[in-house]
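Read off the chains here:
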Amino acid sequence: WYISASKSPNASPRFPILLSILRRRYDFINKGPLELIQDGYNSLGDIFRIQILHQSVVFLIGPQAHKVFFEAKDNQLSQREVYTFTIPVFGKNIVYDASPKIMQQQLKFVNKGLNLINMKAHIGKIVMEAEEWFNRWPDSGEIDLMKEFSQLIILTASRCFLGKEIRENVQTEFAHLYQQLSDGMSHLSFFFPNAPTPAHRKRNAARSKIAKIFEKVIKQRRINETIEYDDFLQVLINARYLDDSTPTDDEITGLLLAALFAGQHTSNITSTWMGLLIIKNKSEWMSNLLEEQKQIMDKYHQDLSLDSLSEMNLLHAAMQETLRLYPPLVLLMRKVIEPILYNGYVISKGDIAVVSPPIAHRISNVYKNPEEFNPERFLGENPEDQKEKFSYIAFGGGRHSCLGEKFAYLQVKTIWSILLRKFDFELCQEHPEPDYSALVVGPKGPCIVKFKRKIDSL
Ligand code: HEM
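As a starting point, this report considers the structure included with it. (Residues numbered from 1 in each chain as written. Predicted model: local features only at pLDDT ≥ 70, side-chain atom pairs only at ≥ 80, totals over all residues. Heavy atoms only, no water.)

1. Describing the sheet that holds strand β3 (residues 77-78)
Adjacent strands of a sheet form backbone hydrogen bonds with each other and so pair up, either parallel or antiparallel.
Phase 1 of the analysis: Reading across from one edge, β1-β2-β8-β5-β3 is the order of the five strands in this open sheet, with mixed pairing throughout. Each edge of the open sheet carries a strand with a single partner, namely β1 (47-52) and β3.
Phase 2 of the analysis: Here β3 runs beside strand β5 (residues 332-336); their pairing, made up of two bridges, is antiparallel. In the sheet register, Ser78 faces β5, and the bridge partner there is Lys335.
Phase 3 of the analysis: Its contacts with the sheet put helix α3 (residues 34-44) on β1 and β2 (55-60), and the angle it makes with β1 is roughly 135 degrees.
Phase 4 of the analysis: Of the strands in this sheet, β2, β3, β5 and β8 (352-355) touch helix α4 (residues 63-71), which is tilted by about 125 degrees from β8. (Pairing = 2+ DSSP bridges. Helix = DSSP H or I, 4+ residues; strand = E, 2+ residues; numbered from the N terminus. Contact = heavy atoms within 4.5 Å. Axes fitted to C-alpha atoms, helices over the stretch in contact; angles between N-to-C directions.)

Put into structure tokens, the structure is as follows:
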């Protein structure tokens, strides 16, 4: 690692990482890479680079620098080289392993599965699963929010994406196999996706078994063509590439897994942080959130639907604010294929370009009092995220921005709309730190809260 900073006119300023590590004693285990990136930004500005062994990593921080990252074409900044760790899980010829043309068409299939028509089908399923889940809670007690949401969200995601056949099976065999796939996506897998470890062996075996489960379901659906399904699996079975060929069973399996992985941990983590933040700040926000629930649910005759959810602006802002403070994807990366110019500096071919949502979301001249939980910053006439394009990047931006953003809002808002109306909550522990040991960053440790069912649920 380099020891000194340079300000050459061509290359972006280099952050003196080794020297800084010695001076500052970064707590990488507990704070991940964020302190280091923040220091780089504070001392060198919105573009700087860190040399890690042979790899030059260029950080772009702040709306203007993000523009370069998010507006680049795939043949300038490429995802495929940095997301190779997904290939053993998603499969061959799927998304990051497919040619750019095929990947684009596959992402269109995903988009179709998440469009408005399907969203209408999804909402009923999410409400049903969530109400059933929370009805099973006793009248009072303590629960680990993270554990609860992770189980619930695998059910909702399974019903909306994988179809009812898999949903019925989800708590048994599928859940176990899915866990083995998740365990095979660690930091080690990021650098060495095929290292011969027990976790990777189990991951590969689980992927083969899951493919067999899906093959059976797909075959049945192809035989019984008269039955109508409104889930993502059926969108993929009906999909056609531009040359009129259909995705293979293995491609369908891979795309379902891609959607599940993109949406499951991210939504689970966001639901958990959102609960913790609302409960922690309840003296300020709870009465307004409850008032909004009452007004809108009365207006819609207690029907939790796409329409009623879309009017819950404060709830929406609370989720957006949660994602500002705790975006689950903390580093978005691309390999530089063609040199890119920014602010007089060249980002060279072969570099890795990185943007960091949690750093971006705490820039104080974009977000006033950035450490404060204040959903209202996103409401009113001049919401803070609208001041400049690419200042809010929890869902990325540009051509590869998140395809599941609307679905995620739908799911997380549904969960908290039901919970706020049915239960009172209290915290039982200190606010947790983020857990940087995971690729998708959530709260560290258990997230226990006390709950009590309301006598007159709203
Ligand atoms: C991409 C965040 C939920 C599907 C992304 C990206 C981010 C993100 C930051 C951009 C990655 C990059 O630029 O490298 C989130 C968050 C979520 C969420 C914070 C929940 C709170 C979902 C859900 C789905 C989904 C529910 C549903 C299937 C996708 C897909 C992409 C993506 C397919 C790739 C888009 C492309 O490359 O063109 N997400 N996501 N996400 N997300 Fe999400």
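Having seen the model, we can carry on.
2. A closer look at α4
Phase 1 of the analysis: Residues of α4 that are buried include every one of Pro63, Ala65, His66, Val68, Phe69 and Phe70, and no others.
Phase 2 of the analysis: Residues of α4 that are buried in the fold lie against β2, β3, β5, β6 (340-342), β8 and α17 (357-360). (Buried < 20%, exposed > 50% of the residue type's maximum accessible area, 1.4 Å probe, protein only.)

3. Some words on the pattern of salt bridges
Phase 1 of the analysis: Taken as a whole and judged by the stated rule, the model has 17 salt bridges.
Phase 2 of the analysis: In this structure, the salt-bridge partner of Glu129 is Arg167, at a minimum N-O distance of 2.6 Å. Highlighted residues: Glu129 in helix α7 (residues 116-135) and Arg167 in helix α9 (residues 164-183), separated in sequence by 38 residues. Take Glu129 and Arg167: they sit in the same class, and that class is buried. (Salt bridge = Lys/Arg side-chain N within 4 Å of Asp/Glu carboxyl O.)

4. Side note on the site of the ligand
Phase 1 of the analysis: Around the ligand, a shell composed of 26 residues is seen, among which Tyr83, Arg334, Ala394, His400 and Cys402 lie nearest.
Phase 2 of the analysis: The contact in question runs from an oxygen atom of the ligand to an N or O atom on the side chain of Tyr83, over 2.7 Å.
Phase 3 of the analysis: The side chain of His400 places a nitrogen or oxygen atom 2.8 Å from an oxygen atom of the ligand.
Phase 4 of the analysis: Elements supplying a minimum of two residues to the shell around the ligand: α13 (249-280), β5 and α18 (405-422).
Phase 5 of the analysis: For the shell around the ligand, the element with the most residues is α13, which contributes five residues.
Phase 6 of the analysis: A per-class count over the shell around the ligand returns 16 nonpolar, eight polar and two charged. (Near = heavy atom within 4 Å. Polar contact = N/O pair within 3.5 Å; in protein donor to acceptor, adjacent residues only side chain to side chain. Nonpolar A, V, L, I, M, F, W, Y, C, P; charged D, E, K, R; others polar.)

5. Notes on the state of the cysteines
Phase 1 of the analysis: Going through the model one piece at a time under the given rule, you end up with zero disulfides.
Phase 2 of the analysis: The thiol of Cys428 is unpaired, and the distance to the nearest cysteine sulfur, on Cys447, comes to 11 Å. (Disulfide = S-S within 2.5 Å.)

6. Here's the deal with the packing of aromatic side chains
Phase 1 of the analysis: Tallying each qualifying case throughout the model produces 24 aromatic pairs.
Phase 2 of the analysis: Ring geometry for Tyr83 and Tyr96: centres 5.0 Å apart, planes at 50 degrees, overall tilted. Residue Tyr83 is located in the loop between β3 and α5 (87-90), and its partner Tyr96 is located in the loop between α5 and α6 (100-113); the two are separated by 13 residues in the primary sequence. Accessibility classification places Tyr83 together with Tyr96 in one group, the buried group.
Phase 3 of the analysis: Taking 6.2 Å as the distance between ring centres and 50 degrees as the angle between the ring planes, the aromatic pair formed by Phe423 and Phe425 counts as tilted.
Phase 4 of the analysis: The class of Phe423 is buried, set by a relative accessible area of 2%. (Phe/Tyr/Trp six-rings, centres within 6.5 Å; stacked < 30°, edge-to-face > 60°.)

7. Points about unusual backbone geometry
Phase 1 of the analysis: Of note in the backbone geometry, Asp244 takes a positive phi value of approximately 75 degrees without being a glycine.
Phase 2 of the analysis: Locating Asp244 in the fold gives a position in the loop between α12 (232-238) and α13.
Phase 3 of the analysis: The backbone phi angle of Asn369 is positive, close to 45 degrees, even though this residue is not glycine.
Phase 4 of the analysis: Turning to its location among the elements, Asn369 is positioned in the loop between α17 and α18.
Phase 5 of the analysis: Taking the relative accessible area as the measure of exposure, Asn369 reaches 47% and is therefore partly exposed.

8. Details of the coordination of the iron atom of the ligand
Phase 1 of the analysis: Donor atoms from the protein around the iron atom of the ligand number only one, Cys402 (SG), found at 2.3 Å.
Phase 2 of the analysis: Following the sequence through the fold, Cys402 ends up in the loop between α17 and α18. (Donors = N, O, S within 2.8 Å, 3.2 Å for Na, K, Ca; no water.)

9. Digging into the sheet that holds strand β9 (residues 423-427)
Phase 1 of the analysis: Pairing is antiparallel across the open sheet formed by three strands, whose spatial order is β4-β10-β9. Only two strands of the sheet have a single neighbouring strand rather than two, namely β4 (140-144) and β9. When the angles between neighbouring strand axes are averaged without regard to direction, this sheet yields 30 degrees.
Phase 2 of the analysis: Across five bridges, the pairing between β4 and strand β10 (residues 448-453) is antiparallel. Its bridge partner lying in β10, Glu142 is registered against Lys450.
Phase 3 of the analysis: The strands that α18 touches are β9 and β10; relative to β9, the one it contacts most, it runs at about 95 degrees.

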